[in-house]
Amino acid sequence: MSSDFTTHEALEHCITHTDVPALPEPYKGKVREVYPLDNDRLGIVVTDRISAFDHIMRQAIPFKGQILNQLAAFSFEKVKDIVATHIIDVLHPNVTIAKKCETVPIEVVVRAYLTGHAWRVYKSDERTLCGVEMPDGLNEHDKFPSPILTPATKALEGHDEDISEEEILSRKIVEPALWNEIKEAAFRLFERGTKVAAEQGLILVDTKYEFGLYKGELTLIDEVHTTDSSRYFYKDGYEERQAKGEGQKQLSKEFLREWLMKHDFQGLEGQTLPDLPDEFRMEVYNRYAELFEMLTGNKFKPVLEKNFNKTLGEILR
Ligand SMILES: Nc1ncnc2c1ncn2[C@@H]1O[C@H](COP(=O)(O)OP(=O)(O)OP(=O)(O)O)[C@@H](O)[C@H]1O
Ligand SMILES: [Mg+2]
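Here's what I pulled together on the structure shown here. It should be emphasised that the depicted structure is a prediction, and the values quoted were computed from it without experimental measurement.

Moving on, we get to helix 9 (residues 308–316). Those residues of helix 9 not exposed but buried are Phe-308, Thr-311, Leu-312, Gly-313 and Leu-316. On its buried face, helix 9 sits against strand 2 (32–36), strand 3 (41–46), strand 7 (87–92) and strand 8 (95–99).

This brings us to empty space enclosed by the protein. Over the atoms, a rolled probe matching the size of one water molecule traces out where space is still vacant. Counted according to the given criterion, the structure contains four cavities of 30 Å³ or more. Space inside the largest cavity adds up to approximately 90 Å³. Every residue along the wall of the largest cavity is listed here: Leu-71, Phe-74, Ser-75, Lys-78, Val-79, Arg-192, Gly-193, Val-196, Ala-197, His-225, Tyr-232 and Leu-295. Among the elements of the structure, helix 2 (64–79) and helix 5 (176–199) are those that each provide at least two residues to the lining of the largest cavity. The element that contributes the greatest number of residues to the lining of the largest cavity is helix 2, accounting for five residues. Of the residues assigned to the lining of the largest cavity, the class counts are seven nonpolar, three polar and two charged. Looking at the lining of the largest cavity, you find at least three residues from each of domain 1 (7–101 + 256–316) and domain 2 (103–244).

What follows covers the pairing of strand 10 (residues 106–113). Judged by how many residues are buried, strand 10 sits mostly within the fold: eight of eight residues are covered. Across two bridges, strand 10 lies against strand 14 (residues 152–153) in antiparallel orientation. When the bridges of strand 14 are listed, Ile-106 appears paired with Thr-153. When strand 10 meets strand 16 (residues 202–214), the two strands line up antiparallel, connected through four bridges. The residue of strand 16 that forms the bridge with Arg-111 is Asp-206.

Okay, the side chain of Gln-59 next. In this structure, Gln-59 sits in the loop between strand 5 (55–56) and helix 2. You can call Gln-59 buried: its relative accessible area is 18%. Within the structure, Gln-59 has its side chain in polar contact with the backbone nitrogen of Leu-276 (distance 2.8 Å). Residues within four places of Gln-59 in sequence aside, it is in contact with Ile-50, Asp-275, Leu-276 and Arg-281.

Reading guide: rules and limits
- Residues numbered from 1 in each chain as written.
- Chains lettered and ligands numbered in written order.
- Predicted model: local features only at pLDDT ≥ 70, side-chain atom pairs only at ≥ 80, totals over all residues.
- Heavy atoms only, no water.
- Buried < 20%, exposed > 50% of the residue type's maximum accessible area, 1.4 Å probe, protein only.
- Helix = DSSP H or I, 4+ residues; strand = E, 2+ residues; numbered from the N terminus.
- Contact = heavy atoms within 4.5 Å.
- 1 Å grid on protein atoms, 1.4 Å probe; cavity = no way out; pocket = protein on both sides within 12 Å on 5 of 7 lines; lining within 4 Å.
- Points joined across faces, edges and corners; volume = space filled by probe spheres on them.
- Nonpolar A, V, L, I, M, F, W, Y, C, P; charged D, E, K, R; others polar.
- Domains from an automatic or database assignment.
- Pairing = 2+ DSSP bridges.
- Polar contact = N/O pair within 3.5 Å; in protein donor to acceptor, adjacent residues only side chain to side chain.

Next up, the structure:
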(Lines give C-alpha, C1' and ligand atoms only; values in the text may rest on other atoms or scores of the structure.)
(Ligands and ions follow the chains in the order given, each with its own letter.)
Protein backbone atom coordinates (compact mmCIF):
# COMPACT_ATOMS: atom_id res chain seq x y z
CA MET A 1 0.00 0.00 0.00
CA SER A 2 1.23 3.45 -0.79
CA SER A 3 -0.12 6.96 -0.55
CA ASP A 4 2.41 8.24 -3.08
CA PHE A 5 1.34 7.86 -6.67
CA THR A 6 0.89 9.56 -10.02
CA THR A 7 -2.43 10.28 -11.71
CA HIS A 8 -1.53 7.66 -14.27
CA GLU A 9 -1.06 5.05 -11.53
CA ALA A 10 -4.31 6.03 -9.83
CA LEU A 11 -6.21 5.50 -13.09
CA GLU A 12 -4.31 2.33 -13.91
CA HIS A 13 -4.91 0.57 -10.60
CA CYS A 14 -8.64 1.09 -10.16
CA ILE A 15 -10.38 -1.90 -8.61
CA THR A 16 -12.82 -2.87 -11.34
CA HIS A 17 -13.29 -6.45 -10.19
CA THR A 18 -11.70 -8.86 -7.76
CA ASP A 19 -10.30 -12.28 -8.44
CA VAL A 20 -9.07 -14.51 -5.63
CA PRO A 21 -8.95 -18.17 -6.70
CA ALA A 22 -8.55 -19.40 -3.12
CA LEU A 23 -11.90 -17.89 -2.08
CA PRO A 24 -15.42 -18.95 -3.03
CA GLU A 25 -17.04 -17.04 -5.92
CA PRO A 26 -18.37 -13.71 -4.70
CA TYR A 27 -21.83 -12.35 -5.40
CA LYS A 28 -21.25 -9.45 -7.77
CA GLY A 29 -23.51 -6.43 -7.36
CA LYS A 30 -23.17 -3.25 -9.39
CA VAL A 31 -20.58 -1.84 -7.01
CA ARG A 32 -19.82 -4.45 -4.35
CA GLU A 33 -18.41 -7.98 -4.49
CA VAL A 34 -19.66 -10.03 -1.59
CA TYR A 35 -17.69 -13.05 -0.37
CA PRO A 36 -19.37 -15.57 1.88
CA LEU A 37 -16.88 -16.26 4.68
CA ASP A 38 -18.82 -18.62 6.94
CA ASN A 39 -22.40 -19.04 8.15
CA ASP A 40 -22.44 -15.69 9.89
CA ARG A 41 -20.08 -13.40 8.05
CA LEU A 42 -19.55 -11.74 4.68
CA GLY A 43 -16.47 -10.05 3.27
CA ILE A 44 -17.81 -7.05 1.35
CA VAL A 45 -15.42 -5.42 -1.12
CA VAL A 46 -16.43 -2.00 -2.35
CA THR A 47 -14.93 -1.68 -5.85
CA ASP A 48 -14.25 1.48 -7.85
CA ARG A 49 -17.08 0.73 -10.26
CA ILE A 50 -19.63 3.47 -10.76
CA SER A 51 -23.14 3.09 -12.07
CA ALA A 52 -25.72 5.55 -13.32
CA PHE A 53 -29.10 5.03 -14.95
CA ASP A 54 -28.74 1.37 -13.94
CA HIS A 55 -25.64 0.91 -16.09
CA ILE A 56 -22.14 0.20 -14.90
CA MET A 57 -19.59 2.47 -16.58
CA ARG A 58 -16.75 0.76 -18.43
CA GLN A 59 -14.20 2.94 -16.66
CA ALA A 60 -13.89 3.04 -12.90
CA ILE A 61 -13.22 6.02 -10.60
CA PRO A 62 -9.93 6.04 -8.67
CA PHE A 63 -10.43 5.41 -4.94
CA LYS A 64 -14.21 5.61 -5.16
CA GLY A 65 -14.51 2.27 -3.35
CA GLN A 66 -12.37 3.46 -0.46
CA ILE A 67 -14.35 6.66 -0.19
CA LEU A 68 -17.68 4.89 -0.18
CA ASN A 69 -16.65 2.15 2.21
CA GLN A 70 -15.25 4.63 4.69
CA LEU A 71 -18.17 6.99 4.32
CA ALA A 72 -20.53 4.09 5.07
CA ALA A 73 -18.42 3.08 8.08
CA PHE A 74 -18.55 6.68 9.36
CA SER A 75 -22.33 6.87 8.91
CA PHE A 76 -23.03 3.41 10.37
CA GLU A 77 -21.18 4.53 13.49
CA LYS A 78 -23.44 7.62 13.73
CA VAL A 79 -26.65 5.56 13.74
CA LYS A 80 -25.77 2.41 15.64
CA ASP A 81 -27.80 3.46 18.69
CA ILE A 82 -30.96 3.54 16.55
CA VAL A 83 -30.77 0.11 14.96
CA ALA A 84 -28.23 -2.74 14.85
CA THR A 85 -25.84 -2.39 11.92
CA HIS A 86 -24.19 -5.13 9.87
CA ILE A 87 -20.64 -3.88 10.58
CA ILE A 88 -18.26 -6.30 12.26
CA ASP A 89 -14.99 -4.76 11.19
CA VAL A 90 -13.51 -2.53 8.48
CA LEU A 91 -10.34 -4.47 7.66
CA HIS A 92 -9.07 -2.36 4.80
CA PRO A 93 -10.19 0.92 3.17
CA ASN A 94 -12.09 -1.17 0.56
CA VAL A 95 -13.24 -4.08 2.72
CA THR A 96 -15.89 -4.51 5.40
CA ILE A 97 -16.56 -7.68 7.34
CA ALA A 98 -20.31 -7.76 7.87
CA LYS A 99 -22.97 -9.86 9.52
CA LYS A 100 -24.51 -12.15 6.95
CA CYS A 101 -28.18 -11.24 6.95
CA GLU A 102 -31.32 -12.58 5.44
CA THR A 103 -32.26 -9.57 3.33
CA VAL A 104 -35.62 -7.80 3.36
CA PRO A 105 -36.45 -7.47 -0.37
CA ILE A 106 -37.50 -3.81 -0.14
CA GLU A 107 -35.48 -0.65 -0.76
CA VAL A 108 -36.67 1.65 1.96
CA VAL A 109 -36.53 5.14 0.46
CA VAL A 110 -37.17 8.26 2.54
CA ARG A 111 -37.60 11.65 0.89
CA ALA A 112 -37.74 15.09 2.46
CA TYR A 113 -37.71 17.03 -0.83
CA LEU A 114 -39.49 16.88 -4.17
CA THR A 115 -36.47 15.82 -6.21
CA GLY A 116 -35.41 13.13 -8.68
CA HIS A 117 -37.92 10.33 -9.17
CA ALA A 118 -40.54 12.02 -6.96
CA TRP A 119 -40.32 15.18 -9.06
CA ARG A 120 -40.62 13.24 -12.32
CA VAL A 121 -43.82 11.63 -11.01
CA TYR A 122 -45.16 14.97 -9.73
CA LYS A 123 -44.38 16.73 -13.01
CA SER A 124 -46.59 14.26 -14.84
CA ASP A 125 -49.49 15.61 -12.71
CA GLU A 126 -49.60 12.56 -10.50
CA ARG A 127 -49.98 13.36 -6.79
CA THR A 128 -49.59 9.91 -5.28
CA LEU A 129 -46.25 8.19 -4.88
CA CYS A 130 -46.14 4.69 -3.37
CA GLY A 131 -49.58 5.35 -1.90
CA VAL A 132 -48.43 8.61 -0.28
CA GLU A 133 -50.20 11.88 -1.14
CA MET A 134 -48.03 14.79 -2.21
CA PRO A 135 -49.50 18.26 -1.64
CA ASP A 136 -50.40 20.51 -4.59
CA GLY A 137 -48.47 23.64 -5.49
CA LEU A 138 -44.91 22.41 -4.98
CA ASN A 139 -41.92 23.19 -7.18
CA GLU A 140 -38.95 20.98 -7.91
CA HIS A 141 -36.65 20.67 -4.84
CA ASP A 142 -39.29 22.07 -2.45
CA LYS A 143 -39.45 20.52 0.97
CA PHE A 144 -42.33 18.20 1.85
CA PRO A 145 -44.31 19.13 5.00
CA SER A 146 -42.65 16.05 6.55
CA PRO A 147 -40.46 13.25 5.14
CA ILE A 148 -42.27 10.54 3.18
CA LEU A 149 -41.57 6.85 2.81
CA THR A 150 -41.52 5.66 -0.82
CA PRO A 151 -40.41 2.02 -0.89
CA ALA A 152 -39.35 0.06 -3.96
CA THR A 153 -39.12 -3.64 -4.58
CA LYS A 154 -35.59 -4.96 -4.92
CA ALA A 155 -35.92 -6.42 -8.41
CA LEU A 156 -33.59 -9.33 -9.18
CA GLU A 157 -33.03 -7.85 -12.58
CA GLY A 158 -33.63 -4.46 -14.13
CA HIS A 159 -35.31 -1.49 -12.51
CA ASP A 160 -36.63 -1.42 -9.00
CA GLU A 161 -40.32 -0.70 -8.88
CA ASP A 162 -42.30 1.58 -6.60
CA ILE A 163 -44.55 -0.19 -4.15
CA SER A 164 -47.00 1.05 -1.53
CA GLU A 165 -46.98 0.08 2.11
CA GLU A 166 -50.40 -1.45 1.60
CA GLU A 167 -49.11 -3.73 -1.14
CA ILE A 168 -46.03 -4.76 0.86
CA LEU A 169 -48.42 -5.99 3.54
CA SER A 170 -51.16 -7.44 1.33
CA ARG A 171 -48.62 -9.36 -0.76
CA LYS A 172 -47.02 -10.48 2.52
CA ILE A 173 -43.57 -9.35 1.40
CA VAL A 174 -42.87 -8.25 4.97
CA GLU A 175 -44.79 -9.21 8.13
CA PRO A 176 -46.73 -6.28 9.69
CA ALA A 177 -44.76 -6.23 12.95
CA LEU A 178 -41.43 -6.24 11.14
CA TRP A 179 -42.65 -3.60 8.69
CA ASN A 180 -43.60 -1.31 11.58
CA GLU A 181 -40.16 -1.77 13.07
CA ILE A 182 -38.55 -0.97 9.69
CA LYS A 183 -40.68 2.11 9.18
CA GLU A 184 -39.93 3.49 12.60
CA ALA A 185 -36.21 2.81 12.16
CA ALA A 186 -36.19 4.46 8.70
CA PHE A 187 -37.68 7.74 9.95
CA ARG A 188 -35.37 7.84 12.95
CA LEU A 189 -32.37 7.10 10.73
CA PHE A 190 -33.42 9.85 8.37
CA GLU A 191 -33.73 12.30 11.24
CA ARG A 192 -30.21 11.41 12.39
CA GLY A 193 -28.81 11.63 8.84
CA THR A 194 -30.39 15.05 8.50
CA LYS A 195 -28.78 16.22 11.73
CA VAL A 196 -25.32 14.88 10.83
CA ALA A 197 -25.53 16.50 7.38
CA ALA A 198 -26.71 19.82 8.82
CA GLU A 199 -23.68 19.98 11.10
CA GLN A 200 -21.60 19.93 7.89
CA GLY A 201 -23.69 22.51 6.05
CA LEU A 202 -25.55 19.95 3.96
CA ILE A 203 -29.18 18.98 3.47
CA LEU A 204 -30.07 15.28 3.32
CA VAL A 205 -32.55 15.28 0.44
CA ASP A 206 -33.42 11.62 0.12
CA THR A 207 -31.85 8.27 0.84
CA LYS A 208 -32.28 4.53 0.52
CA TYR A 209 -31.97 2.00 3.34
CA GLU A 210 -31.64 -1.75 3.10
CA PHE A 211 -32.45 -4.01 6.01
CA GLY A 212 -31.85 -7.62 6.88
CA LEU A 213 -32.37 -10.00 9.75
CA TYR A 214 -29.38 -11.31 11.68
CA LYS A 215 -30.29 -14.09 14.10
CA GLY A 216 -33.78 -12.61 14.09
CA GLU A 217 -32.67 -9.05 14.81
CA LEU A 218 -33.50 -6.17 12.46
CA THR A 219 -30.19 -4.96 11.04
CA LEU A 220 -29.20 -2.12 8.74
CA ILE A 221 -27.12 -3.50 5.84
CA ASP A 222 -25.31 -2.52 2.63
CA GLU A 223 -24.49 1.18 3.05
CA VAL A 224 -25.99 4.17 4.79
CA HIS A 225 -26.10 7.91 4.04
CA THR A 226 -23.38 7.59 1.40
CA THR A 227 -23.32 9.66 -1.75
CA ASP A 228 -24.33 6.60 -3.78
CA SER A 229 -27.42 5.93 -1.69
CA SER A 230 -28.37 9.55 -0.92
CA ARG A 231 -28.78 12.99 -2.41
CA TYR A 232 -27.47 16.04 -0.63
CA PHE A 233 -27.89 19.77 -1.27
CA TYR A 234 -25.71 22.57 0.03
CA LYS A 235 -27.60 24.26 2.87
CA ASP A 236 -26.03 27.64 2.24
CA GLY A 237 -28.17 29.54 -0.29
CA TYR A 238 -30.85 26.84 -0.61
CA GLU A 239 -33.73 29.30 0.01
CA GLU A 240 -32.36 31.90 -2.40
CA ARG A 241 -31.88 29.34 -5.15
CA GLN A 242 -35.43 28.05 -4.62
CA ALA A 243 -36.84 31.60 -4.71
CA LYS A 244 -35.06 32.27 -7.99
CA GLY A 245 -35.94 28.84 -9.38
CA GLU A 246 -32.27 28.31 -10.16
CA GLY A 247 -32.07 24.65 -9.32
CA GLN A 248 -30.00 23.28 -6.47
CA LYS A 249 -26.30 22.60 -6.47
CA GLN A 250 -26.28 18.85 -6.12
CA LEU A 251 -23.50 16.69 -4.90
CA SER A 252 -23.68 12.93 -5.27
CA LYS A 253 -23.85 11.21 -8.59
CA GLU A 254 -25.79 14.00 -10.26
CA PHE A 255 -22.50 15.25 -11.63
CA LEU A 256 -21.99 12.01 -13.56
CA ARG A 257 -25.65 11.85 -14.64
CA GLU A 258 -25.42 15.35 -16.09
CA TRP A 259 -22.24 14.50 -18.00
CA LEU A 260 -23.85 11.36 -19.42
CA MET A 261 -26.95 13.28 -20.51
CA LYS A 262 -24.71 15.79 -22.27
CA HIS A 263 -23.26 12.81 -24.10
CA ASP A 264 -26.70 11.58 -25.12
CA PHE A 265 -26.97 8.79 -22.59
CA GLN A 266 -29.84 8.28 -20.16
CA GLY A 267 -29.84 4.50 -20.08
CA LEU A 268 -32.54 4.29 -22.72
CA GLU A 269 -32.82 1.55 -25.29
CA GLY A 270 -30.62 2.11 -28.38
CA GLN A 271 -28.32 4.63 -26.65
CA THR A 272 -24.58 3.94 -26.50
CA LEU A 273 -22.77 4.14 -23.21
CA PRO A 274 -19.93 6.65 -23.67
CA ASP A 275 -16.39 6.00 -22.43
CA LEU A 276 -15.34 8.19 -19.51
CA PRO A 277 -12.17 10.14 -20.42
CA ASP A 278 -9.31 10.01 -17.91
CA GLU A 279 -9.59 13.67 -17.09
CA PHE A 280 -13.27 13.31 -16.27
CA ARG A 281 -12.59 10.23 -14.12
CA MET A 282 -10.15 12.30 -12.06
CA GLU A 283 -12.75 15.06 -11.80
CA VAL A 284 -15.31 12.58 -10.49
CA TYR A 285 -12.72 11.30 -8.02
CA ASN A 286 -12.13 14.85 -6.81
CA ARG A 287 -15.89 15.32 -6.34
CA TYR A 288 -16.13 12.16 -4.29
CA ALA A 289 -13.12 13.17 -2.17
CA GLU A 290 -14.66 16.61 -1.62
CA LEU A 291 -17.90 15.01 -0.53
CA PHE A 292 -16.14 12.69 1.85
CA GLU A 293 -14.40 15.64 3.43
CA MET A 294 -17.58 17.69 3.65
CA LEU A 295 -19.62 14.91 5.18
CA THR A 296 -17.10 13.56 7.66
CA GLY A 297 -15.03 16.65 8.35
CA ASN A 298 -11.95 14.47 7.77
CA LYS A 299 -9.45 14.64 4.95
CA PHE A 300 -9.60 11.71 2.54
CA LYS A 301 -6.30 9.84 2.33
CA PRO A 302 -6.16 7.62 -0.75
CA VAL A 303 -4.20 4.40 -0.51
CA LEU A 304 -2.87 2.93 -3.75
CA GLU A 305 -2.87 -0.86 -4.04
CA LYS A 306 -0.90 -2.30 -6.93
CA ASN A 307 -2.00 -5.84 -6.21
CA PHE A 308 -5.34 -5.64 -4.50
CA ASN A 309 -6.26 -9.28 -5.18
CA LYS A 310 -3.25 -10.45 -3.21
CA THR A 311 -4.10 -8.20 -0.25
CA LEU A 312 -7.70 -9.35 -0.40
CA GLY A 313 -6.72 -13.00 -0.36
CA GLU A 314 -4.57 -12.35 2.70
CA ILE A 315 -7.15 -10.45 4.70
CA LEU A 316 -10.13 -12.67 3.90
CA ARG A 317 -8.36 -15.92 4.51
N1 LIG B 1 -24.99 -7.57 5.58
C2 LIG B 1 -25.51 -8.04 4.44
N3 LIG B 1 -26.11 -9.26 4.41
C4 LIG B 1 -26.62 -9.75 3.26
N5 LIG B 1 -26.60 -9.10 2.08
C6 LIG B 1 -26.04 -7.87 2.05
C7 LIG B 1 -25.46 -7.28 3.22
N8 LIG B 1 -24.97 -6.06 2.89
C9 LIG B 1 -25.22 -5.91 1.58
N10 LIG B 1 -25.86 -6.97 1.05
C11 LIG B 1 -26.26 -7.17 -0.35
O12 LIG B 1 -25.07 -7.26 -1.12
C13 LIG B 1 -25.24 -6.61 -2.37
C14 LIG B 1 -24.22 -5.49 -2.50
O15 LIG B 1 -23.94 -5.21 -3.82
P16 LIG B 1 -24.23 -3.83 -4.52
O17 LIG B 1 -24.54 -2.77 -3.54
O18 LIG B 1 -23.14 -3.61 -5.48
O19 LIG B 1 -25.53 -4.29 -5.25
P20 LIG B 1 -26.54 -3.42 -6.10
O21 LIG B 1 -26.18 -3.52 -7.50
O22 LIG B 1 -26.79 -2.11 -5.45
O23 LIG B 1 -27.84 -4.24 -5.83
P24 LIG B 1 -28.22 -5.68 -6.29
O25 LIG B 1 -27.07 -6.59 -6.09
O26 LIG B 1 -29.35 -5.98 -5.36
O27 LIG B 1 -28.61 -5.50 -7.71
C28 LIG B 1 -26.67 -6.10 -2.42
O29 LIG B 1 -27.48 -7.04 -3.08
C30 LIG B 1 -27.04 -6.01 -0.93
O31 LIG B 1 -28.42 -6.14 -0.70
MG1 LIG C 1 -26.34 -1.47 -3.40
